[in-house]
Number of protein chains: 2
Amino acid sequence: MTYAIAEAAHRTGLSIDTLRYYERIELVDPPARDSGGRRAYSDEDLAWLGFLTRLRTTGMPIKLMREYARLRHQGIASAGQRKRILERHREDVRARIEELRSCLGALDYKIDNYERVIGSDHIQEASA
Amino acid sequence: MTYAIAEAAHRTGLSIDTLRYYERIELVDPPARDSGGRRAYSDEDLAWLGFLTRLRTTGMPIKLMREYARLRHQGIASAGQRKRILERHREDVRARIEELRSCLGALDYKIDNYERVIGSDHIQEASA
DNA sequence: GCTTGACCTGGAGTGCACTCCAGCTCCTAC
DNA sequence: GTAGGAGCTGGAGTGCACTCCAGGTCAAGC
């Protein structure tokens with residue numbers, strides 16, 4: 001099964017431009033082409049894009065993702081290095097979650113204060 | 001108690017340039033000045049900067065922070081609007097935490113796979 | 001056979017949040 | 001009284017991750 005770029009974009013949640021951009025910067029390998037020279041993404045391509053999307057979502061910079069992609073090409077020999085990248089990133093993500101959680105506390109506190117100040121949710125229509 | 005810009009930067013964790021930048025874009029009110037025309041940040045200034053930093057940390061765009069700052073100037077009349085901004089943002093933060101958590105699962109899975117593939121942490125020295 | 005729509009390329013442009021710079025002033029310490 | 005360091009201003013530059021564009025190709029349907 002292969003997918004035209006529009007379909008691939010739809011399935012990955014990335015834009016068509018982003019798919020081409022990722023290819024240009026060598027984050028993904030150039031996908032196969034159909035008889036008319038158009039990109040034909042495979043399920044594997046989409047799986048890799050899906051994984052990349054998770055890395056992006058969690059804030060991994062594209063530079064590091066490129067490094068990871070580069071290592072992937074070297075096959076199993078680079079598995080240790082790749083694992084270390086992911087472990088390192090996992091730590092970053094965990095730290096980020098903790099950071100967000102702590103800010104959430106501050107936000108709760110602030111909102112509680114507003115609650116006390118204004119009583120409740122009345123009167124504040126478009127009082128611009 | 002007031003603080004020179006370097007001290008304010010140190011205490012807020014922002015850079016001197018960022019402090020001046022925040023002032024330029026009207027995210028913070030211009031602080032008082034000392035006899036020599038230099039900025040003299042008050043404890044209140046720092047508290048506001050601290051709160052802004054939390055909003056930034058949690059990903060609130062500067063545009064929205066400016067809107068919040070603008071509303072603050074209107075005093076209590078805008079409390080409802082400000083509260084709503086924070087509530088909305090709190091939802092965003094919660095969603096973001098969930099998103100990160102879900103990606104964390106995928107990361108764990110991937111790392112486990114590497115563990116299985118390479119046995120354990122030997123041999124992968126600088127095998128560039 | 002011609003319009004239409006999806007796709008192609010290389011390159012330029014965008015928005016965000018800073019960050020840096022040149023050239024200046026002002027206080028402090030020697 | 002002067003050298004040095006902190007701070008000042010307006011404006012330009014940076015890095016990141018896209019996003020958009022002009023001008024072209026290609027296959028399908030009418």
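Residues numbered from 1 in each chain as written. Chains lettered and ligands numbered in written order. Predicted model: local features only at pLDDT ≥ 70, side-chain atom pairs only at ≥ 80, totals over all residues. Heavy atoms only, no water.

The name recorded for chain A in an unreviewed UniProt entry is DNA-binding transcriptional MerR regulator, from Actinokineospora cianjurensis.

K.L.:
How do you make sense of helix 3 (residues 43-57) of chain A when you look at a structure like this?
P.N.:
Owing to its 3.6 residues per turn, the α-helix aligns residues three or four sequence positions apart on the same side. With 15 residues, helix 3 of chain A should cover 21 Å at 1.5 Å per step; its first-to-last C-alpha distance of 21 Å lies within 8% of that length. Buried within helix 3 of chain A we find A:Leu46, A:Trp48, A:Leu49, A:Phe51, A:Leu52 and A:Leu55. (Helix = DSSP H or I, 4+ residues; strand = E, 2+ residues; numbered from the N terminus. Expected span 1.5 Å × (residues − 1). Buried < 20%, exposed > 50% of the residue type's maximum accessible area, 1.4 Å probe, protein only.)

K.L.:
Teacher, can you tell me more about the protein's contact with DNA strand D here?
P.N.:
Surrounding DNA strand D, one finds 21 residues, the nearest of these being A:Tyr22, B:Arg20, B:Arg24, B:Arg33 and B:Arg39. Between DNA strand D and B:Ala6 there is a distance of 3.4 Å, counted from a phosphate oxygen to a backbone nitrogen or oxygen. No other element matches the 5 residues that helix 2 (residues 16-24) of chain A contributes to the surface near DNA strand D. Along the lines of polarity and charge, the residues of the surface near DNA strand D split into 7 nonpolar, 5 polar and 9 charged. (Near = heavy atom within 4 Å. Polar contact = N/O pair within 3.5 Å; in protein donor to acceptor, adjacent residues only side chain to side chain. Nonpolar A, V, L, I, M, F, W, Y, C, P; charged D, E, K, R; others polar.)

K.L.:
What should I look at first to understand the sheet that holds strand 2 (residues 32-33) of chain B in this one?
P.N.:
Within a sheet, neighbouring strands are paired by backbone hydrogen bonds and run either parallel or antiparallel to one another. All names here are of chain B. On the basis of which strands lie adjacent, the open sheet formed by 3 strands has the order 1-3-2 and antiparallel pairing. Each end of this open sheet is capped by a strand with a single partner; those strands are strand 1 (2-3) and strand 2. Two strands pair when backbone bridges link them, and strand 1 and strand 3 (residues 39-42) are joined in this way by 2 bridges, in the antiparallel orientation. If you follow Thr2 over to strand 3, its bridge partner there is Ser42. Here helix 3 (residues 43-57) sits on the sheet in contact with strand 1 and strand 3, set at roughly 75 degrees to strand 3. (Pairing = 2+ DSSP bridges. Contact = heavy atoms within 4.5 Å. Axes fitted to C-alpha atoms, helices over the stretch in contact; angles between N-to-C directions.)

K.L.:
Would you mind going over the packing of aromatic side chains with me for this structure?
P.N.:
Any two aromatic rings considered together are summarised by their centre-to-centre distance and by the angle between their planes. Applying the stated criterion across every chain, the model contains 8 aromatic pairs over all chains. Ring geometry for A:Trp48 and A:Tyr68: centres 6.1 Å apart, planes at 15 degrees, overall stacked. Residue A:Trp48 is located in helix 3, and its partner A:Tyr68 is located in helix 4 (residues 62-73); the two are separated by 20 residues in the primary sequence. Among the residues examined, A:Trp48 registers a relative accessible area of 9% and is labelled buried. Seen from their ring centres, B:Trp48 and B:Phe51 are 6.2 Å apart, and the 35 degrees between their planes marks the pair as tilted. Of this pair, B:Trp48 and B:Phe51 both sit in helix 3, 3 residues apart, which is roughly one turn of the helix. You can call B:Phe51 buried: its relative accessible area is 9%. Among the aromatic residues, those joined into a cluster by ring pairs are A:Trp48, A:Phe51 and A:Tyr68. Over the ring of A:Trp48 we find A:Arg72; its NZ or CZ atom is 3.7 Å from the centre of that ring. (Phe/Tyr/Trp six-rings, centres within 6.5 Å; stacked < 30°, edge-to-face > 60°. Lys NZ or Arg CZ within 6 Å of the ring centre and 35° of its normal.)

K.L.:
I'm lost on the UniProt feature "domain: HTH merR-type" (unreviewed entry) in chain A in this one. Help?
P.N.:
Following the UniProt record, one finds the feature "domain: HTH merR-type" (unreviewed entry) at residues 2-71 of chain A. In residues 2-71 of chain A, the share of helix is 60% and the share of strand is 11%. The end C-alpha atoms are 25 Å apart. (UniProt positions renumbered as here; feature names shortened; annotations may be inferred.)

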